[in-house]
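Residue-level listing of the chains:
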Amino acid sequence: MTAYLRDHADDPAAPRRGHTIGFTLDGEPATAIEGQTIAGAILSTGRTSWRTTAVGAEPRGVFCGIGVCFDCIVTVGETRDVRACLRRVREGDEVCTQHDRLPDTHEEARA
Ligand code: FES
């Protein structure tokens, strides 16, 4: 038997649409499909970048998509540096984008 003989309606691997859940993105109401990652939910809004690099303020969003590069980090509630490509959206999540700059080493030296 090959996969071509399986009835599509009985295919356990067929994509199923979950129900919609709500969260906020930078204080604005947003929705995601249950099981969707934060990155997927942000991308579905049409945004391809949601933070900037500390050096050069270059735009970043999803690069690796597997939790390696940390380009996609966001703040979820009180937790900073959450990898959006790994974390699934939960109902009521408060997701904020991060725009960090490098510490001013001259100020640190004076302190
Ligand atoms: S996109 Fe690389 S860690 Fe999320």
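For the structure itself, consult the block above.
Every value quoted in this text rests on a predicted model; they were computed, and no experiment measured them.

So what's going on with the environment of T37? Which residues, and what values?
Along the chain, T37 falls in the loop between β2 (28-33) and α1 (38-44). With 48 residues separating them along the chain, T37 and C85 place their C-alpha atoms 5.8 Å apart. With residues up to four places along the chain from it excluded, the contact list for T37 reads A84, C85, R87, R88 and V89. Side-chain polar atoms of T37 contact the backbone nitrogen of G40, separated by 2.9 Å.

Explain the sheet that holds strand β1 (residues 20-25) residue by residue, including any values.
Read from one edge to the other, the open sheet built from five strands follows the order β2-β1-β7-β5-β6, with strand pairing classed as mixed. In the strand order of this sheet, the two ends are held by β2 and β6 (79-83), each with one partner. The average undirected angle you get between the axes of adjacent strands in this sheet is 40°. Bridge count between β1 and strand β7 (residues 94-97): two bridges; the pairing is parallel. For T24, the partnering residue across the bridge sits in β7 and is E94.

What counts, and where the lines are drawn
Residues numbered from 1 in each chain as written. Predicted model: local features only at pLDDT ≥ 70, side-chain atom pairs only at ≥ 80, totals over all residues. Heavy atoms only, no water. Helix = DSSP H or I, 4+ residues; strand = E, 2+ residues; numbered from the N terminus. Contact = heavy atoms within 4.5 Å. Polar contact = N/O pair within 3.5 Å; in protein donor to acceptor, adjacent residues only side chain to side chain. Pairing = 2+ DSSP bridges. Axes fitted to C-alpha atoms, helices over the stretch in contact; angles between N-to-C directions.

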